[in-house]
Amino acid sequence: MSVDVTYELAGKMTRKTYKSYSRAITSMRKWFEKNDGRAIIYRFNSKPEVIETLCQLPVSAKSETSFYQTRAWRTLRLTVLRESDGLCTYCGSGIQHGSVMHVDHIKPRSKYPHLALDISNLQVLCEDCNFGKMDNESLCSG
Ligand SMILES: [Zn+2]
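Residues numbered from 1 in each chain as written. Predicted model: local features only at pLDDT ≥ 70, side-chain atom pairs only at ≥ 80, totals over all residues.

(A) Focus on the sheet that holds strand β2 (residues 12-18). Strand order in this open sheet of 4 strands is β2-β1-β3-β4, and the pairing throughout is antiparallel. Looking at the sheet topology across the chains shown, the edges are occupied by β2 and β4 (49-51). Between one strand and the next, the sheet's axes are offset by a mean angle of 20°, whatever the strand orientation. Sheet topology note: the strand β1 (residues 3-9)/β2 ladder contains 7 bridges and is antiparallel. Paired with D4 across the two strands is T17, which belongs to β2. Docked against the sheet, helix α1 (residues 21-34) engages β1, β2, β3 (38-42) and β4, running at close to 15° with respect to β1. (Pairing = 2+ DSSP bridges. Helix = DSSP H or I, 4+ residues; strand = E, 2+ residues; numbered from the N terminus. Axes fitted to C-alpha atoms, helices over the stretch in contact; angles between N-to-C directions. Contact = placed C-beta atoms within 7 Å.)

Written out as structure tokens, the structure reads:
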């Protein structure tokens, strides 16, 4: 099923057709990294989707989910949780306080993929601190 995307930059419109939705998303991601415009996705039988920032792009890339399913990541994640006693690096809250714990990449995986499995780049955060961190630093950090 092909997908049409209209890119809008400084009043200029460019229309492109992609073979699949995930290809469209991948290309849009690259486009948004360079351009400060907006894009509209047209899919057969669904409403046009207006995307104005990179953060609004649906995460469709298969690599995104598969990383978190790898044995290497899961093992490392458990190690980090065990070493920190499952306590949040920022506020010291833990599962026993009713918090949901996340293992966070200090340097985002999107920018530092080689540090994705580096234990020194990982920290345990409770959900509140993890989302707080994202607000402060970057809406798109992973
Ligand atoms: Zn916390």
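Still to come is the rest of the account.
(B) The arrangement of the environment of Y7 in detail. Examined against the element boundaries, Y7 turns out to sit in strand β1. In this structure, the C-alpha to C-alpha distance between Y7 and W31, residues 24 residues apart in sequence, is 8.9 Å. Setting aside residues no more than four positions away along its own chain, Y7 makes contact with T14, W31, G37 and A39.

(C) Structural detail: the environment of G11. Along the chain, G11 turns up in the loop between β1 and β2. Separated by 26 residues in sequence, G11 and G37 place their C-alpha atoms 9.0 Å apart.

(D) How the structure looks around unusual backbone geometry. Phi at A10 takes a positive value of approximately 50°, unusual for a residue other than glycine. Summarising the element assignment, A10 is placed in the loop between β1 and β2.

(E) Broad picture of the pairing of β2. Where burial is concerned, little of β2 is hidden: 0 out of the 7 residues are buried. In sequence, β1 turns back onto β2 through a hairpin of 2 residues, with A10 there showing a positive phi of about 50°. (Buried ≥ 20, exposed ≤ 12 C-beta atoms within 10 Å, placed from the backbone.)

(F) Representation of the environment of V5. In this structure, V5 sits in strand β1. Of the residues examined, V5 has 24 C-beta atoms within 10 Å and is grouped as buried. As for V5 and A24, which are separated by 19 residues in sequence, their C-alpha atoms are 7.3 Å apart. If we skip the residues at most four places from it in the chain, V5 touches K16, Y18, A24, M28, A39, I40 and I41.

(G) Structural detail: helix α3 (residues 71-83). The terminal C-alpha atoms of α3 lie 18 Å apart, and with 13 residues this matches the ideal 18 Å at 1.5 Å per residue to within 8%. Along α3, only 0 of the 13 residues are buried, which leaves the element largely exposed. The first or second residue beyond α3 is D85, which carries a positive phi of 60°. (Expected span 1.5 Å × (residues − 1).)

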